[in-house]
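Topology and contacts: notes
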Amino acid sequence: MAFIRKKQREQQLQLCSRERFSLLLLNLEEYYFEQHTAHHIQPKGTHKERRVRGSLKICSKSVIFEPDENSQPIIKIPLRDCLKIGKHGENGASRHFAKAKSGGISLLFSQVFFIKEHNIVAPYKIERGRMEYVFELDVPGKVEDVVETLLQITAILQSRLARTSFDKNRFQNVSEKLHMECKAEMVTPLVTNPGHVCITDTTLYFQPLNGYPKPVVQITLQDICRIYKRRHGLMPLGLEVFCTENDLCSDIYLKFYDPQDRDELYFYIATYLEHHVAERTAERYTLQWQRGHLSNYQYLLHLNNLADRSCNDLSQYPVFPWVISDYCSSELDLSNPGTFRDLGKPVGALNKERLERLLARYQEMPEPKFMYGSHYSSPGYVLFYLVRIAPEHMLCLQNGRFDNADRMFNSIAETWKNCLDGATDFKELIPEFYGDDVSFLVNSLKLDLGKRQGGQMVDDVELPPWARSPEDFLQKSKEALESNYVSEHLHEWIDLVFGYKQKGSEAVGAHNVFHPLTYEGGVDLNRIEDPDEKVAMLTQILEFGQTPKQLFVTPHPQRITEKFKSLPQTSCDNVSISDSPGKFCKENKWEESFEDLTEESKKLAWNNIAKLQLHEQHKLHKKAVTGIAVSCNGSSVFTTSQDYTLKMFSTESKMLQRSISFSDLALSSCLLLPGDATVISSSWDNNVYFYSIAFGRSQGTLMGHQDAVSKICWHDNRLYSASWDSTVKVWSSVPAEMTGTKRHQFDLLAELEHDVSVDTISLNAASTLLVSGTKEGTVTIWDLTTATILHQIPCHSGTVYDTAFSPDSRHVLSTGEDSCVNVIDVQTGMLISSMTSDKPQRCFIWDGNTVLSGSQSGELLVWDLLGGKLCERIQGHKGAVTCIWMNEQCSSIITGGEDRKIMFWKLQY
């Protein structure tokens, strides 16, 4: 996983430099400034001295001496424990150092740490008492400067940053043009390293003030795939840069001193990336995940990234859920719901008895109240899991100590039990539990992590009975995360951690309230003037853990799984609502194979939709074409127009066969009734007209509205009509034998009221849902079984031109006058994708993933919704494309336009 790969990178750098020193030896908010080659003068009795050669590191809170010999321990002397710092020989130096040269620095102190003796990672050894050490520099002339630095250490960082600047000799090319330079810090787990950021027209640079671990870090702009603004210590100061597409391991994480510097650098890189990298939003990833193009694991990685979680910041390390609750059985049954944890509850609410105790305390607590005294993700919890691969990080966090052996990560089952029963343990998991690297479960470094009360040494993590090996444990954990049960319920956990149940009354109702300091905006560090108080508060924030940035403020959509998939798009003869998947009987395998083949051909067609080619075109009308309907055998095409006429065109003879006029106002749409015997047209004269194809005459008029009828739909003997009179009406067709006439008669079943005129409507495949779009940009989803509103979404800033459900009825697509192409989740009403075109899209067809739209410009545009990008522009009409039709096999398309033409398109592949 990301942390493991980052650790490997650091180890490679250290192997190259052969240093045992690392910034993990420093304290929080401590900085490493410079090093000097020196000898540690060790007294041996009164006459002999031992000289140990090494490197003296000057830091903001300590002096660290790293001997060249690995057998010798690293020495760390905290400056707060120093009683006296001076040039050796001044003011009566100790007689033990009588032979030391004048290039010595004397430190008198009360406490010293010995680290990595024999280069073994182990708890620090501490020696206390009054002691004096002398360090003799190879360059005696540097002694006074070093002593002066140590005596004025508190002001040195900002003054050095102010006095220095980026070394332009580090540019890769002399022709590079500097864009900006500023002060910043490079962030790695538990460490911040100050220096200078510089960006040119080709490269991003970071030059550490101390030259550690290398003189300069450089990233070519054309290699950057993603950038994210980050909050660090609850402040908007971070920026993380990735040169990989689907990974949590970034190439650099920068923390700035001024948010404006961060924003300027972000804007420059984002502008550079704008033309060849698609914008990444939580909603777009949601669409990809819902439709099965992202795994649960990948989706959680993306959400963590967008919510400021980073493997460089252990206080905001990526958080993943416990999904398995069975760690006792010999076999793991992923078909049994009882195997899984309830993803609709936070860890603290999984145990009813413990929750009752916590709620009782919560009720008695003064404001601000919180239910849980510890968080579900913190540096301590992350390193609890990773101590076997990151022991130095654990020692850094815990002041040179490992935890008590019985409190270590000893067993998966024990850890889960403690999360269920422990009074203060509510932790979730980390991505490594669903990755491929087992090293965090195995004590491959042979660390001495202590002995438990039972006498056994802490070694490898004990696995559940159902796991044959660490590899098998991770494999089964991944299978559990991707299982149907988790896919169906993961949105509930997302609501808690990244969504609308994270804060406010919804969080209280979900028993999901943590300490105020864990939330964004919980404290403003800039208002704290006392530096010690500020560091103490920052320490509390960083060590306690932080709640992710809230990504969703409405319920998160559910994933589309096999259990929830609807019928595929129906053909000319629509099936009734009762024809559900459970009742759809296959008579033989031939029929099943044929259906599979049809679906495959549709997928193939949509995959090649950009290869659409114009086959023929005909000018049929005197004004814009408004509607297209085609007979089931494809021999006749019916079109309506603003020139008041309904036209019938023969695809076989290429001749216009009929032209029918109903009134002296424009016709707005048309459709064919099942059986191809009757064509219906809607008109701006407030009426709907019925025309008999067989008899060549009008069969009746439905005078149903107070203003123009804008769109009509038909399903199962029901007519749906939208009007500028602010209504959508549902009509039931009365059979001819009951009326004693051949004319169509209708009873009004329902009236769906809107605030303004309705410009478009569409039905889902089963006609249980209707979507309408209004003049003022509102998209409304209606439940037709109850004639009630499910969702009302104001998602356009002008007229909604077209709307349609996806074939599986899980999403609605809408286009509008504002040039936006929006995707809405039907279940939650959440806007999960929005793209903008240069011109409004007047009409479209789509398969749930890809859109073919007719533009105001006259072009046909191909959109990849999952990739969030425009893929192809196909030249078409001269003037707006106003209507579009596609056959069931998705191989033939007809468009109509303001240029009065209809165009026939064929797929060429």
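Provided above is the structure to which this section pertains.
Chains are numbered independently. Their residues run from 1 in the order of the written sequence. pLDDT decides what is reported in this predicted model: residues at 70 or higher carry local features, side-chain atom pairs at 80 or more are listed and counted, and totals for whole chains, interfaces and linings draw on all residues regardless. Note: side-chain values were computed over all heavy atoms of the structure, leaving out hydrogens and water.

What to know about the sheet that holds strand S31 (residues 788-794)
Between any two strands, at least two bridges found by DSSP are needed for them to pair. Think of it this way: any DSSP run of H or I at least four residues long counts as a helix, any run of E at least two long counts as a strand, and we number them from the N terminus. Read across the sheet, four strands follow the order S28-S29-S30-S31 without closing on themselves; strand pairing throughout is antiparallel. Each end of this open sheet is capped by a strand with a single partner; those strands are strand S28 (758-763) and S31. Strand-to-strand twist of the sheet, defined as the mean angle between neighbouring strand axes without regard to direction, takes the value 20 degrees. Bridge analysis of strand S29 (residues 769-774) against strand S30 (residues 778-783) gives five bridges, and the strand direction is antiparallel. Bridged to Ser772 within S30 is Thr780. Note on method: axes are straight lines fitted to C-alpha atoms, helices fitted across the in-contact stretch only, with angles between N-to-C directions ranging 0 to 180 degrees.

Some details on the packing of helix H6 (residues 296-306) against helix H12 (residues 484-497)
For the pair H6 and H12, interaxial distance at closest approach is 11 Å and the crossing angle is 15 degrees. By the angle between their axes, H6 is roughly parallel relative to H12. The handedness of the crossing between H6 and H12 comes out as right-handed. Counting all contacts with H6, which are made through Asn296, Tyr299, Leu300 and Leu303, the residues of H12 involved are Val486, Ser487, Leu490, Trp493 and Ile494. The classification used treats Ala, Val, Leu, Ile, Met, Phe, Trp, Tyr, Cys and Pro as nonpolar, Asp, Glu, Lys and Arg as charged, and all other residues, Gly among them, as polar. A per-class count over the contact of H6 with H12 returns seven nonpolar, two polar and no charged. Here roughly perpendicular refers to angles of 65 to 115 degrees, roughly parallel to angles under 35, roughly antiparallel to angles over 145, and oblique to all remaining angles. By the definition used in this description, the sense in which the near helix is turned from the far one sets the handedness, with an anticlockwise turn below a right angle giving left-handed and a clockwise turn giving right-handed. Whether two residues are in contact is decided by their heavy atoms, any of which lying within 4.5 Å being enough.

Section: a negative patch on the surface
Side chains of Glu529, Asp530, Asp532 and Glu533 sit close together on the surface and give a patch of like negative charge. By secondary structure assignment, the location of Glu529 is in the loop between helix H13 (504-509) and helix H14 (531-544). The residues that make up patches have over 30% relative accessible area and no salt bridge, and they are joined within 9 Å when like-charged or within 5 Å when they are Val, Leu, Ile, Met, Phe, Trp or Tyr. Residue exposure ignores everything except the shown protein chains as possible cover, and the areas themselves are Shrake-Rupley values with a 1.4 Å probe. Should a side-chain nitrogen of Lys or Arg be within 4 Å of a carboxyl oxygen of Asp or Glu, the pair is scored as a salt bridge. For the purpose of counting charges, residues Lys and Arg are taken to be positive, whereas Asp and Glu are taken to be negative. His and the chain ends are not included. In this description, the location of a charge corresponds to atom NZ of lysine, CZ of arginine, CG of aspartate or CD of glutamate.

Overview of the sheet that holds strand S17 (residues 636-641)
With antiparallel pairing, the four strands of this open sheet are ordered in space as S16-S17-S18-S19. Only two strands of the sheet have a single neighbouring strand rather than two, namely strand S16 (625-630) and strand S19 (655-661). Each strand of the sheet is rotated relative to its neighbour by a mean of 20 degrees, with strand direction disregarded. Sheet analysis places S17 next to strand S18 (residues 645-650), joined by five bridges and oriented antiparallel.

A word on the packing of helix H5 (residues 282-290) against H6
Running from N to C, H5 and H6 cross one another at 175 degrees; their axes reach a closest spacing of 10 Å. One way to sum up the angle between H5 and H6 is to call them roughly antiparallel. Judged by residue contacts, Ala282, Tyr285, Thr286 and Trp289 of H5 engage Asn296, Tyr299, His302, Leu303 and Leu306 from H6. Here the contact of H5 with H6 is composed, by residue class, of six nonpolar, three polar and no charged.

Looking at the pattern of salt bridges
All chains considered together, the criterion is met by 32 salt bridges. In this structure, Asp68 engages Arg53 in a salt bridge whose closest nitrogen and oxygen atoms are separated by 3.9 Å. Separated by 15 residues along the polypeptide, Asp68 in the loop between strand S3 (62-67) and strand S4 (74-78) and Arg53 in strand S2 (residues 48-59) bring together distant segments of the chain. In this structure, the salt-bridge partner of Arg842 is Glu898, at a minimum N-O distance of 3.4 Å. Here Arg842 is found in strand S36 (residues 841-846), whereas its partner Glu898 is found in the loop between strand S41 (892-897) and strand S42 (901-907), with 56 residues between them in sequence.

Looking at the nonpolar core
Here, the term nonpolar core denotes a set of buried Ala, Val, Leu, Ile, Met, Phe, Trp, Tyr and Cys residues that are joined through side-chain atoms within 4.5 Å. Here the term buried applies to any residue with accessible area under 20% of the maximum for its type, exposed to any over 50%, and partly exposed to those in between, with areas from a 1.4 Å probe on protein chains only. Counting 118 residues, the largest nonpolar core has Phe409, Phe433, Trp493, Ile494, Phe498 and Phe552 as the members making the most contacts within it. If you tally residues by element for this core, the top one is H12, at seven residues. For Phe409, the residues in contact, after removing those within four places along its chain, are Phe384, Tyr385, Arg388, Thr415, Phe433, Phe440, Leu441 and Val461. One finds Tyr31, Ile58, Phe65 and Phe114 within the second-largest nonpolar core, a separate group that totals 30 residues.

Let's talk about the side chain of His196
Looking at the element boundaries, His196 is found in strand S9 (residues 191-200). Here a polar contact is recorded for every N or O atom pair within 3.5 Å, except that within protein the pair must consist of a potential hydrogen donor and a potential acceptor, and residues adjacent in sequence are included only if both atoms are side-chain atoms. Polar side-chain contacts of His196 include one of 2.9 Å to the side chain of Thr164. Once residues within four sequence positions are removed from consideration, His196 is found in contact with Leu161, Thr164, Ser165, Phe166, Glu181, Cys182, Lys183, Tyr205, Phe206 and Gln207.

Thoughts on the environment of Asn312
Secondary-structure assignment places Asn312 in the loop between H6 and helix H7 (352-364). A residue is classified by how much of its surface remains accessible, and Asn312, at 2% relative accessible area, is buried. Remark: the alpha-carbon pair of Asn312 and Tyr266, spanning 46 residues in sequence, is separated by 18 Å. One polar contact links Asn312 to Glu240, side chain to side chain, over a distance of 3.0 Å.

In short, geometric facts, not functional conclusions.
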